[in-house]
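# Notes for the structure review
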Amino acid sequence: MHNFTPISALIGGIIIGLSVVFYFYTTGRLAGISGIFENAITKSSNRLSNVYFLLGLVIGPLIYYNIILPSEDIAFTITHSYGLIISGGLLVGLGTRLSKGCTSGHGICGIGRLSLNSMLATVIFVAAGMLTVTILQQYGIHL
Amino acid sequence: MNDKFISLVSGIIFGIGLVISGMTNPEKVIGFLSITHNWDASLVFVMGGAILAFAPFFFLLKNKEVSALGNRIELPTKQQMDKKLVIGASLFGVGWGLVGLCPGPAISALAVFDPIVIIFLISMAIGVLINTNILK
């Protein structure tokens, strides 16, 4: 576990959780990102608010890297295989809306609400992700 | 303080939490999914921290009738565990493993100005629309 960073992970996680609390307390809505994304591109209810939330998701990292810790480099390593990117994007979009939640909607809000459906969904998507990565590693695609 | 401003601020805080946690980096997420090889358990701490921060407030607030902005409290309706939940979560998991991006970090990753992120987001939007327009 040479890349294990429990402290920053925990601090970041608590900040994410407090954002979900703040959003729920003020707007009465749960911050599931795949749902916010779907509403932003499809429905008219709260559509602009959803776009603003997504805009915030982009501005947050920009503030962090330019104002809070400008000395820190952005760590970002991603595959540049179009096949993986396009199929991954399609599956993430379709799968999260079919099961009505992603890492935030099921993994954070759902488990926090003690929803059994969300607990099951989280176990399944983590297991499916682990299986996928393990298989890709056999073919030398992920390190 | 209106709904749009609050949504923007919530998104900014969420995005800052994501970068601090390291989860905006697909390599880090794949390190967590790499259970058999150099496993990086950090994501457990991200999710655990977020759940611990959220859960107590949720149970304090969930029975209120309106939110601080005067909106109706919107909670997901109780649903049966069904095929859609299982199949959807499985498909999502496979896609997550292929690239190392889930919806939140994928949007925050626009901050790195890599065009590949835009291709991922367009594909993700098409996936969402397939569900909204065809499967629903």
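The model shown is predicted, which means the values in this text are computed figures rather than measured ones. (Residues numbered from 1 in each chain as written. Chains lettered and ligands numbered in written order. Predicted model: local features only at pLDDT ≥ 70, side-chain atom pairs only at ≥ 80, totals over all residues.)

### Some thoughts on the overall build of chain B
- Secondary structure assignment for chain B yields six helices and zero strands.
- Helices (α) and strands (β) of chain B occur, in sequence order from the N terminus, as α-α-α-α-α-α.
- With the C-alpha coordinates aligned to their principal axes, the bounding extent of chain B is approximately 45 × 35 × 30 Å.
- Going through the 136 residues of chain B one by one, you find that 54% of them count as buried.
- For chain B, restricting intrachain contacts to residue pairs at least 6 apart in sequence, the fraction spanning at least 24 positions comes to 37%. (Helix = DSSP H or I, 4+ residues; strand = E, 2+ residues; numbered from the N terminus. Buried ≥ 20, exposed ≤ 12 C-beta atoms within 10 Å, placed from the backbone. Contact = placed C-beta atoms within 7 Å.)

### Notes on the confidence of the model for chain B
All names here are of chain B.
- Confidence in the prediction of chain B, expressed as mean pLDDT, is 95, and 99% of residues score 70 or more.
- Ranking the helices and strands of chain B by mean pLDDT puts helix α5 (residues 103-108) first, with 98, and helix α6 (residues 115-135) last, with 95.
- Scored by ipTM, the complex comes to 0.96, with pTM at 0.96. (pLDDT = per-residue confidence, 0-100.)

### Topic: the environment of I118(B)
- The topology assignment puts I118(B) in helix α6.
- In this structure the C-alpha to C-alpha distance between I118(B) and I107(B), which are 11 residues apart in sequence, comes to 8.9 Å.

### Remarks on the packing of helix α1 (residues 6-27) of chain A against helix α1 (residues 3-21) of chain B
- The contact between α1(A) and α1(B) brings their axes to 7 Å, and the two run at 170°. Considered as vectors, α1(A) and α1(B) are oriented roughly antiparallel to each other. In this structure, α1(A) crosses over α1(B), and the sense of that crossing is left-handed.
- Of the residues assigned to the contact of α1(A) with α1(B), the class counts are 13 nonpolar, 10 polar and one charged. (Axes fitted to C-alpha atoms, helices over the stretch in contact; angles between N-to-C directions. Parallel < 35°, antiparallel > 145°, perpendicular 65-115°, else oblique. Left-handed = near helix turned anticlockwise from the far one by under 90°. Nonpolar A, V, L, I, M, F, W, Y, C, P; charged D, E, K, R; others polar.)

### Some points on the interface of chain B and chain A
- Facing 102 residues of chain B, the contacting portion of chain A comprises 99 residues.
- Elements represented by at least two residues in the side of chain B that touches chain A include exactly α1, α2 (26-33), α3 (42-61), α4 (83-99), α5 and α6 of chain B.
- The element that contributes the greatest number of residues to the side of chain B that touches chain A is α1(B), accounting for 18 residues.

### Observations regarding α2(B)
- Burial within α2(B) is extensive, with seven of its eight residues counted as buried.
- Those residues of α2(B) lying buried are P26(B), K28(B), V29(B), I30(B), G31(B), F32(B) and L33(B).
- The inward-facing, buried residues of α2(B) abut α6 (116-138) of chain A together with α3 and α4 of chain B.

### Regarding unusual backbone geometry
Residues and elements named next belong to chain A.
- Phi is positive for K100, close to 60°, though the residue is something other than glycine.
- When you line up the elements, K100 lands in the loop between α4 (82-98) and α5 (103-112).
- Given 23 C-beta atoms within 10 Å, K100 falls into the buried group.
- Not every positive phi belongs to a glycine, and L114 is a case in point at roughly 65°.
- Note on placement: L114 falls in the loop between α5 and α6.
- Taking the number of C-beta atoms within 10 Å as the measure of exposure, L114 has 11 and is therefore exposed.

### A word on the nonpolar core
- Counting residues in each nonpolar core, the largest one holds 82 residues, and the members touching the most others are V20(A), I108(A), A50(B), F54(B) and A106(B).
- If you tally residues by element for this core, the top one is α1(B), at 10 residues.
- When residues no more than four places from it in sequence are discounted, the contact partners of F54(B) are G17(A), V20(A), V21(A), I108(A), C109(A) and G112(A). (Core = buried A, V, L, I, M, F, W, Y, C linked by C-beta atoms within 7 Å.)

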